[in-house]
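Observations on the model geometry
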Amino acid sequence: MTVWQEAWPTANPSSRPRATRNDDYLRRSGRKPEDPVIRPPFFRDADRIVHSKAYSRYIDKTQVFYLVENDHITHRVLHVQLVSKIARTIGRALGLNEDLIEAIALGHDIGHVPYGHLGETFLDELCVEHGLGGFRHNVQSVRFLDVVEDCDLTLQVLDGILCHNGEVHDRSLTVEGEADWDSFAGGKLERIEAGGDALPPLTAEGCVVRCADSVSYLGRDLADALEVEVIGEDDLEDFPPENCMHLFGIAGHKKEAFSDINRKVLDVLIRDIITGSYDADCMAFSAETSACVAAFKEFNMQHIYNNERLIKNRKKIRFMFRYLFGRTLEDIENGRRDSPVYEDLVNAPWASRAYVGAAAPEELARDFIAGMTDRYFEWVFQQSILPERVRSRYRGGW
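Nothing here was measured: the structure is a model prediction, and the numbers come from that model. (Residues numbered from 1 in each chain as written. Predicted model: local features only at pLDDT ≥ 70, side-chain atom pairs only at ≥ 80, totals over all residues. Heavy atoms only, no water.)

On to helix α2 (residues 41-50). Summarising burial for α2: seven of the ten residues are buried, a large majority. Along α2, the residues that are buried comprise Pro41, Phe42, Arg44, Asp45, Ala46, Arg48 and Ile49. Next to the buried residues of α2 lie α3 (53-56), α5 (98-107), α7 (137-148) and α8 (155-162). (Buried < 20%, exposed > 50% of the residue type's maximum accessible area, 1.4 Å probe, protein only. Helix = DSSP H or I, 4+ residues; strand = E, 2+ residues; numbered from the N terminus. Contact = heavy atoms within 4.5 Å.)

Take a look at the structure:
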């Protein structure tokens, strides 16, 4: 039995020095008095995120496999729930603040665009061309929650959301940054907006979510890829070396051997993170496990994310993004009040009036498209590019 397993039953957040205390929250406005017991600040932040309009749009946003009619694969809404569950499991063992972990996890991917990372690539191109700098979904997540909807979240939650980076594997993470608004906006946010790497979070809870995000999709994406037959047994022959097969308890390269891959991977990785982080000043994997995670990510990149079957519609999707961005920008500049951008963003009752009044047309176009679900993106494109068909007869007056 490990040290953390012996101590876990008596672990108490107040006794763990790394835990973020509820009393240490920083909120800009203070519009409402805080409830320190029933709904403390970070608990309230999780509620505000769940009740945001941006959160409700998770339901139809791509995780990896877009344009696939299969109800058994992961969508973005399930991914964030998995990250929250994994991160809270780790946080509970380490005696951290689970309310803060949940809030960060639930909000971390709100800035993702239609068609996942492929869509992000195309929106990034457009933002650069229109003088907005690059597009990064972690920055957009903060923008949606802090600016567009003005949810008045705490600094600790916004920092954790901004500093998540599930695409990069860190063997260890140590907290970084000052707990003040100037350091957040003038330091981390500006640096990341300018193209810098996502910096480590300023709380241990943010580090836990970043680790959980990094490992949550490994086995799940592989299982989904087998489900939709993007990969097959020939691809599994290239799965990482024997030490990884042994670590995750996979026997052979047949499809059946990978049927329980997600459970096995998460069980191993969660226990490894807890063991490596329990009496340390960082969140850390063991050397062996870290190497296997890196190899697993590389396998998924080559065989899943860059698979020709998955990206075969790349040119069409790029055209759709470029057309819709240009059309939306034109509608805003010409004041076309019947355009979807007015109904579903500019004039929407949930959009902050301060944001709408200050945003440039290019910023409104970016945020409108970034906030779309896959299905709504396709609907707006069809409405914009296809002529309207009249059924039976014209109705209504002139």
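Back to the write-up after that little detour.
Next up on the list: a nonpolar patch on the surface. A surface patch of nonpolar side chains, amounting to about 280 Å² of accessible area, comprises Phe319, Ile385 and Leu386. As for its placement among the helices and strands, Ile385 is situated in helix α21 (residues 374-385). (Patch = residues over 30% accessible without salt bridge, like charges linked within 9 Å, V, L, I, M, F, W, Y side chains within 5 Å. Areas by Shrake-Rupley, 256 points an atom, 1.4 Å probe, with all protein chains shown as cover. Salt bridge = Lys/Arg side-chain N within 4 Å of Asp/Glu carboxyl O.)

Let us now look at the side chain of His108. Along the polypeptide, His108 turns up in the loop between α5 and α6 (116-129). A polar atom in the side chain of His108 sits 2.6 Å from the backbone oxygen of Ala105. With residues near it in sequence (within four places) discarded, His108 still touches Tyr58, His79, Val80, Val83, His137, Ser141, Ile161, His164 and Asp213. (Polar contact = N/O pair within 3.5 Å; in protein donor to acceptor, adjacent residues only side chain to side chain.)

The next subject is the packing of aromatic side chains. Enumeration over the complete set of coordinates arrives at 15 aromatic pairs. Here the aromatic rings of Phe321 and Phe377 are separated by 4.6 Å at their centres, their planes lie at 40°, and the arrangement is tilted. Here Phe321 is found in helix α17 (residues 314-333), whereas its partner Phe377 is found in helix α21, with 56 residues between them in sequence. No difference in accessibility class separates Phe321 from Phe377, as the two residues are buried. By way of ring pairs, the aromatic residues Tyr66, Tyr115, Phe122, Phe321 and Phe377 are connected into one cluster. Here the basic side chain of Arg28 rests over the ring of Trp181, its NZ or CZ set 4.0 Å away from the ring centre. Of note, Arg57 hangs over the ring of Phe144, and the distance from its end group to the ring centre comes to 5.8 Å. (Phe/Tyr/Trp six-rings, centres within 6.5 Å; stacked < 30°, edge-to-face > 60°. Lys NZ or Arg CZ within 6 Å of the ring centre and 35° of its normal.)

Another point: the side chain of His79. Within the secondary structure, His79 sits in helix α4 (residues 76-94). Classification of His79 by relative accessible area gives buried; the value is 3%. Contacts of His79, omitting those with residues within four sequence positions, involve Gln63, Thr74, His108, Asp109, Asp213, Ser216 and Tyr217.

As a further point, take the environment of Ile385. Since its relative accessible area comes to 33%, Ile385 is described here as partly exposed. Residues in contact with Ile385, not counting those within four places in the same chain, are Phe319 and Tyr323.

Time to look at helix α10 (residues 204-216). An α-helix turns once per 3.6 residues; consequently, residues spaced three or four apart project the same way. For α10, which comprises 13 residues, the first-to-last C-alpha distance of 18 Å matches the rise-based estimate of 18 Å (1.5 Å per residue) to within 8%. The element α10 is extensively covered by neighbouring structure, given that 13 of its 13 residues are classed as buried. (Expected span 1.5 Å × (residues − 1).)

A word on the confidence of the model for the chain. When pLDDT is averaged across the chain, the result is 90; 94% of the residues are at 70 or more. Per-element mean pLDDT across the chain ranges from 51 in helix α1 (residues 3-7) up to 98 in helix α20 (residues 361-370). The low-confidence segment residues 7-15 (pLDDT under 50) makes eight contacts with residues lying over four places distant or belonging to another chain. (pLDDT = per-residue confidence, 0-100.)

With that settled, the discussion passes to the nonpolar core. Formed by 117 residues in total, the largest nonpolar core has its most connected members in Ile49, Leu123, Leu222, Phe248, Phe258 and Phe321. Not counting residues within four places of it along the chain, the set of residues in contact with Leu222 comprises Ile231, Leu236, Phe239, Phe258, Ile261, Phe296, Phe299, Asn300 and Ile304. (Core = buried A, V, L, I, M, F, W, Y, C linked by side-chain atoms within 4.5 Å.)

At a minimum axis distance of 8 Å, the contact between helix α11 (residues 218-227) and helix α14 (residues 261-277) shows a crossing angle of 170°. Judged by the angle between their axes, α11 and α14 are roughly antiparallel. Of the residues in α14, those touching α11 at Leu218, Gly219, Arg220, Leu222 and Ala223 are Ile261, Asn262, Val265 and Leu269. Within the contact of α11 with α14, the residues separate by chemical class into six nonpolar, two polar and one charged. (Axes fitted to C-alpha atoms, helices over the stretch in contact; angles between N-to-C directions. Parallel < 35°, antiparallel > 145°, perpendicular 65-115°, else oblique. Nonpolar A, V, L, I, M, F, W, Y, C, P; charged D, E, K, R; others polar.)

Before going further, it helps to spend a moment on unusual backbone geometry. Here Leu67, not a glycine, exhibits a phi torsion of approximately 60°, which is positive. Inspection of the secondary structure puts Leu67 in the loop between α3 and α4. Positioned with a positive phi, Tyr115 is a non-glycine residue whose angle comes to about 65°. Residue position: Tyr115 is located in the loop between α5 and α6. Since its relative accessible area comes to 1%, Tyr115 is described here as buried.

Here the focus is the pattern of salt bridges. The full count for this structure, using the stated rule, is 23 salt bridges. Across the pair Glu129 and Arg322 runs a salt bridge, and its minimum N-O distance is 2.7 Å. Within this pair, whereas Glu129 is found in helix α6, its partner Arg322 is found in helix α17, the two being separated by 193 residues in sequence. Note on Glu129: relative accessible area 46%, which makes it partly exposed. A relative accessible area of 28% places Arg322 in the partly exposed class. Arg210 serves as the salt-bridge partner of Asp170, at 3.1 Å between the closest nitrogen and oxygen. Taken as a pair, Asp170 in the loop between α8 and β1 (172-173) and Arg210 in helix α10 lie far apart in primary sequence, 40 residues in all.

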